[in-house]
There are 2 protein chains.
Amino acid sequence: MSKKSSTFALAKVFLNYHSNRYMVIAFTTPLPIEGFRRLGGNYTMVMPAEGQIVDCPEAEILVSTFDYRVPREMIESMPGLRLIANFGAGFNNIDLDTCRERGIRVTNTPQPVIEPTAELAFALMIDIARRVSEFDRTIRAGQAVFGVMRNLSHSLYGKTLGIIGMGRIGQSLARRAVACGMRIIYYNRHRLPVETEERYQAVYTDFQTLLQDSDYVSLNLPYTPDVHHLIGKPELGMMKRSAFLINTARGAHVDEAALVEALRNGIIAGAALDVYEHEPAVSPELLALENVVLSPHTGTGTWEGRITMCENVTDNILAFAQNETDKMNIVI
Amino acid sequence: MSKKSSTFALAKVFLNYHSNRYMVIAFTTPLPIEGFRRLGGNYTMVMPAEGQIVDCPEAEILVSTFDYRVPREMIESMPGLRLIANFGAGFNNIDLDTCRERGIRVTNTPQPVIEPTAELAFALMIDIARRVSEFDRTIRAGQAVFGVMRNLSHSLYGKTLGIIGMGRIGQSLARRAVACGMRIIYYNRHRLPVETEERYQAVYTDFQTLLQDSDYVSLNLPYTPDVHHLIGKPELGMMKRSAFLINTARGAHVDEAALVEALRNGIIAGAALDVYEHEPAVSPELLALENVVLSPHTGTGTWEGRITMCENVTDNILAFAQNETDKMNIVI
């Protein structure tokens with residue numbers, strides 16, 4: 001937060017009929033206004049221009065986005081801050097220690113990210129399998145040759161998908177994959193209830209078995225420091241040489257340098273990535289590879305999903321203002 | 001069939017224990033040998049080099065591929081021909097009138113194409129919706145900008161998929177789409193049994209309603225002259241401006257020039273195409289558009305699918321040799 005900007009991120013919202021007072025909401029990022037209409041008509045909302053630093057010392061509520069770092073000094077610049085309503089399921093952008101010290105509540109929006117993220121994980125998996133982006137590139141370059149034994153790719157149908165992190169996104173991916181004729185194995189901190197396993201005909205395995213048996217490995221677990229570089233050189237070496245890695249979770253799950261090596265040397269067949277270890281930087285070596293599909297962290301990035309996420313932030317703010325903690329998505 | 005080549009397409013196959021004689025099988029196209037192993041060990045099989053013309057006057061069986069034209073003069077060059085075992089579900093490559101005149105049986109392989117083709121239709125639909133190929137291109141060009149309100153795309157979840165041609169491929173696509181949270185409407189020559197509709201929660205509509213109500217329109221019907229240019233300028237004009245067209249059936253279903261106009265003028269939002277009206281030529285205007293995904297007729301083109309299709313050709317040949325017509329996929 002080097003320099004303060006002259007753009008204030010400010011919203012005065014008539015929130016609480018009991019206290020009959022305005023609360024000030026700051027935004028780190030311009031978001032679609034239609035997702036915040038239920039905050040009431042009696043307010044002004046000033047969002048920062050894109051690229052501006054949030055600067056709103058009077059804020060009681062901060063709406064931050066998953067890709068915007070909220071460090072100690074930003075939190076301390078808002079002495080009256082009581083809630084950080086994060087836009088996104090992940091919250092590793094926020095300095096939670098500072099929030100705990102100061103008694104600041106943090107909420108997230110885990111529900112609306114489920115379907116869009118699982119949808120993108122599935123899109124990337126089927127794209128790398130069926131070589132859709134690669135063939136599109138070839139045709140556009142005028143280099144496509146049609147022919148019955150040309151342009152062959154791999155089916156999802158009949159193959160084994162290994163899901164690491166079988167939470168709501170992982171299960172949503174499994175639902176799609178089962179309908180596409182895939183067999184599901186999964187690794188999770190805790191084994192799921194039998195009814196849930198049966199819904200996806202999913203088989204619980206240990207981590208190593210998952211890596212060894214899967215034709216497609218998808219990462220769908222949240223990032224915490226203990227899963228940093230969960231997939232590195234040894235893990236890539238355990239995978240089938242014909243296997244594909246799909247990462248729509250967080251870049252730091254994967255040792256990106258080791259992945260580049262594995263992709264170059266045929267240790268695995270390919271990778272489809274929405275997230276990167278040093279995001280927004282993408283390893284330049286990846287850009288030159290044919291056996292990768294790259295997406296700019298757009299797992300939740302649909303128009304429909306963005307509006308729903310804003311609505312969910314609104315829900316959290318309204319519940320906070322009414323002190324209805326049971327209706328909030330509480331992180332801390 | 002301008003010039004005869006020097007490469008013979010020839011296989012002597014010990015087929016029939018009763019007649020104890022060899023039958024000669026010609027191939028139009030090199031295909032994976034492992035799919036024909038069940039024809040027996042007691043044979044030689046010579047396939048034409050790629051690009052060569054089939055030239056095998058002694059052939060009794062011709063194995064042709066869906067992309068290889070088998071006109072009258074080719075058929076007449078093989079006086080003893082009794083069976084054309086086509087590789088593919090479509091058979092508009094074959095001059096059926098000549099076959100009828102000469103009492104030649106024609107078989108196809110409709111079963112193994114179902115899952116790969118539905119899989120590709122789904123892959124193209126999700127690719128154009130979530131802009132996967134476009135973003136991959138942007139990243140590779142070093143032009144991607146990450147950001148929570150950047151790179152937004154459209155969900156499949158919650159949207160309406162209109163399927164034109166609700167045969168086995170259409171239903172296989174519907175199965176995937178339902179699992180992705182889509183609503184299914186369909187248009188077909190005949191309405192499906194209620195049990196089948198219920199399986200996909202699919203609603204039968206007339207053609208115009210389907211065009212008007214769908215967010216995604218997928219063509220999954222076989223080509224016959226009466227559906228030539230089924231989708232032309234008037235039909236594109238009936239679609240939502242936010243809608244996408246997916247064609248994995250045959251290029252001539254769509255008036256490609258009208259489609260180019262519609263895509264350029266925002267009459268529809270985008271298109272994902274595996275087939276082209278003047279295949280293998282692709283309209284050069286398509287190559288420059290950002291709101292298309294193009295695939296080089298690879299609907300059935302997976303390694304797994306190719307082997308299974310060869311196995312199915314083998315089934316048809318063996319059943320023909322044993323005169324078991326009930327086990328053949330008979331076209332005529």
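The structure under discussion appears in the preceding block.
These remarks concern the structure in this document. Throughout this description, residue numbers start from 1 for each chain and increase along the sequence as written. Chain letters start at A and ligand numbers start at 1, both assigned in the order the entries are written. Whole-chain, interface and lining totals are the exception, using all residues; otherwise, since this is a predicted model, local features are given only for residues with pLDDT of at least 70 and side-chain atom pairs are given and counted only at 80 or more.

## Here's the deal with the interface of chain B and chain A
Filter applied, for reference: Any residue pair is listed as a contact if its two C-beta atoms, each placed from the backbone, are within 7 Å. Only DSSP runs of H or I covering at least 4 residues are called helices, and only runs of E covering at least 2 are called strands; the numbering of each starts at the N terminus. Only Asp, Glu, Lys and Arg are considered charged, only Ala, Val, Leu, Ile, Met, Phe, Trp, Tyr, Cys and Pro nonpolar, and every remaining residue, Gly among them, polar.
Tallying the contact residues gives 56 residues for chain B and 56 residues for chain A. Of all the secondary structure elements, the ones that give two or more residues to the side of chain B that touches chain A are helix H3 (110-130), helix H4 (132-140), helix H5 (168-179), strand E13 (292-294) and helix H11 (303-321) of chain B. Considering every element that reaches the side of chain B that touches chain A, the biggest residue donor is H3 of chain B, with 10 residues. Partitioned by chemical class, the residues of the side of chain B that touches chain A number 27 nonpolar, 16 polar and 13 charged.

## Remarks on the relation of the copies chain B and chain A
Using the following cut-off: Alignment of the copies relies on least squares applied to C-alpha atoms, considering only residues that score at least 70 for pLDDT in both.
The two copies are related by a screw operation: chain B maps onto chain A through 180 degrees of rotation and 0.0 Å of translation along the axis, at an RMSD of 0.0 Å. Taken together, the rotation angle and the small translation identify this as a two-fold axis. Of every C-alpha in chain B, the one belonging to Ser133 of chain B sits nearest the axis of rotation, 2.3 Å from it. Most of the interface of chain B is mirrored in chain A, where 100% of its interface residues again form contacts.

## Observations regarding the packing of helix H4 (residues 132-140) of chain A against H4 of chain B
The criterion, for reference: Axes here mean lines fitted to C-alpha atoms, for a helix over just the part in contact, with angles spanning 0 to 180 degrees between N-to-C directions. Oblique is the label for any angle not under 35 degrees, not over 145, and not in the 65 to 115 range, which are roughly parallel, roughly antiparallel and roughly perpendicular in turn. Left-handed describes a crossing whose near helix is turned anticlockwise from the far helix by less than a right angle; the clockwise case is right-handed.
Contact geometry for H4 of chain A and H4 of chain B: axes closest at 9 Å, N-to-C directions at 70 degrees. When the interaxial angle is binned, H4 of chain A and H4 of chain B end up roughly perpendicular. Note on packing geometry: the crossing formed by H4 of chain A with H4 of chain B is right-handed. Within the contact between the two elements, H4 of chain A uses Val132, Ser133, Asp136 and Arg137 of chain A and H4 of chain B uses Val132, Ser133, Asp136 and Arg137 of chain B. The residue inventory of the contact of H4 of chain A with H4 of chain B, partitioned by class, reads 2 nonpolar, 2 polar and 4 charged.

## Digging into unusual backbone geometry
Note the cis peptide between Glu279 of chain A and Pro280 of chain A, where omega equals 5 degrees. Within the secondary structure, Pro280 of chain A sits in the loop between strand E12 (270-273) and helix H10 (284-287). The backbone of Asn323 of chain B sits at a positive phi, close to 60 degrees, despite the residue not being glycine. Note on placement: Asn323 of chain B falls in the segment after H11.

## A short note on the nonpolar core
How we decide: Each nonpolar core comprises buried Ala, Val, Leu, Ile, Met, Phe, Trp, Tyr and Cys residues, the members being joined through C-beta atoms within 7 Å. Our exposure labels follow a C-beta count within 10 Å of each residue's own C-beta, placed from the backbone: buried means 20 or more other C-beta atoms, exposed means 12 or fewer, and partly exposed covers the counts in between.
With 198 residues, the main nonpolar core has Met125 and Phe244 of chain A together with Met125 and Phe244 of chain B as its most contacted residues. Setting aside its immediate chain neighbours within four residues, Phe244 of chain A contacts Ile128, Ala129, Tyr216, Ile268, Ala269, Gly270, Ala271 and Ala272 of chain A.

## Quick look at the packing of helix H3 (residues 110-130) of chain A against H3 of chain B
At a minimum axis distance of 9 Å, the contact between H3 of chain A and H3 of chain B shows a crossing angle of 125 degrees. Between H3 of chain A and H3 of chain B, the angle falls in the class oblique. H3 of chain A and H3 of chain B meet at a crossing whose hand is left-handed. Contacts between H3 of chain A and H3 of chain B involve Glu119, Leu120, Phe122, Ala123, Ile126, Asp127 and Arg130 of chain A on the former and, on the latter, Glu119, Leu120, Phe122, Ala123, Ile126, Asp127 and Arg130 of chain B. Its residues placed into classes, the contact of H3 of chain A with H3 of chain B shows 8 nonpolar, no polar and 6 charged.

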